[in-house]
Amino acid sequence: MIDSQKANEPQYNGVPETYSNTDTTMTFGQEFAAQLAALDGDVTTEEQEAIAALPSGSALLVVRRGPNSGARFLLDADLTTVGRHPNADIFLDDVTVSRRHAEFLRNGRKFEVKDLVSLNGTYFDGVRIDSALLHDGAEVQVGKFRLTFYASRLDLSPLASD
């Protein structure tokens, strides 16, 4: 209900002008967007805790689609290999994955995915790539596996820089 003092003010479509002229546009920074992506409805409480516990310079891959959906892989080395070969750091056992399919490269606090000339390619946010710099919440597809990348929350703060 509009109080009686406001009733005498100029109105726009029956609403006092003081209410109708308020700016409702909000802007959010990249950090907020990244944190929101991590709280996406598909992230379980356990995954949220694992993401929150990541030390600086590390990241987590969570399998969203594929034979081992829900599996988590820690990226904490400068080089992490992905493929169907049993010696791969991330072993994805499916014929859609090449033996030496891709690798994740860490440079400081940033991560890059690089395709190793695989038969079915590596995709970053739906686009086939040779290599791509990863951002928090990015989707990487290797064969039929879809993995979501989560950076350490410590590396998303505005003070974190290389």
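Computed from a prediction, not measured in an experiment: that's the story for all the values here.

Draft legend 1. Representation of the overall build of the chain in the model. Each helix and strand counted, the chain has 4 helices and 13 strands in total. A total accessible area of about 9900 Å² is found for the chain, and carbon and sulfur atoms account for 51% of it.

Draft legend 2. Expanded view of the sheet that holds strand β6 (residues 90–91). With mixed pairing, 5 strands are arranged side by side in an open sheet as β6-β5-β7-β8-β11. Two strands in the sheet have a free side with no partner beyond their single neighbour: β6 and β11 (131–133). In this sheet, β11 lies alongside strand β8 (residues 110–115) in antiparallel orientation, the contact comprising 3 bridges. Bridged to Glu112 within β11 is Leu133.

Draft legend 3. Representation of the nonpolar core within the structure. Of all hydrophobic cores here, the largest spans 24 residues; its most connected members are Leu61, Leu75, Leu92, Phe104, Leu134 and Phe149. Residue assignment for this core shows that the elements contributing at least two residues are β3 (59–65), β4 (72–75), β8, β12 (139–142) and β13 (145–151). Here this core takes 4 residues from β13, the largest share from any one element. Dropping the residues within four chain positions of it, Phe149 is found in contact with Ala59, Leu60, Leu61, Leu75, Phe111, Leu134, His135, Asp136, Gly137 and Ala138.

Draft legend 4. Molecular detail of unusual backbone geometry. With phi around 55°, Val117 is a residue other than glycine that occupies positive phi space. Structurally, Val117 is set in the loop between β8 and β9 (122–124). At Asp125, a position not held by glycine, the phi torsion is positive, near 50°. Checked against the element boundaries, Asp125 lands in the loop between β9 and β10 (127–129). When its relative accessible area of 39% is taken as the criterion, Asp125 is described as partly exposed.

Draft legend 5. Just the sheet that holds β10, in detail. On the basis of which strands lie adjacent, the open sheet formed by 6 strands has the order β4-β3-β13-β12-β9-β10 and antiparallel pairing. Each having just a single partner strand, β4 and β10 make up the two edges of the open sheet. Ignoring strand direction, the axes of neighbouring strands in this sheet form an average angle of 30°. Strand direction decides the pairing type here: β12 and β13, joined by 4 bridges, are antiparallel. Directly across from Val140, in β13, lies its bridge partner Leu147.

Draft legend 6. Structural context of the side chain of Thr80. Checked against the element boundaries, Thr80 lands in strand β5 (residues 79–83). When neighbours within four sequence positions are excluded, Thr80 is seen to be in contact with Leu75, Asp89, Ile90, Ala102, Glu103 and Phe104.

Calculation criteria
- Residues numbered from 1 in each chain as written.
- Predicted model: local features only at pLDDT ≥ 70, side-chain atom pairs only at ≥ 80, totals over all residues.
- Heavy atoms only, no water.
- Helix = DSSP H or I, 4+ residues; strand = E, 2+ residues; numbered from the N terminus.
- Areas by Shrake-Rupley, 256 points an atom, 1.4 Å probe, with all protein chains shown as cover.
- Pairing = 2+ DSSP bridges.
- Core = buried A, V, L, I, M, F, W, Y, C linked by side-chain atoms within 4.5 Å.
- Buried < 20%, exposed > 50% of the residue type's maximum accessible area, 1.4 Å probe, protein only.
- Contact = heavy atoms within 4.5 Å.
- Axes fitted to C-alpha atoms, helices over the stretch in contact; angles between N-to-C directions.

Read these as layout, nothing more, since geometry by itself doesn't imply function.
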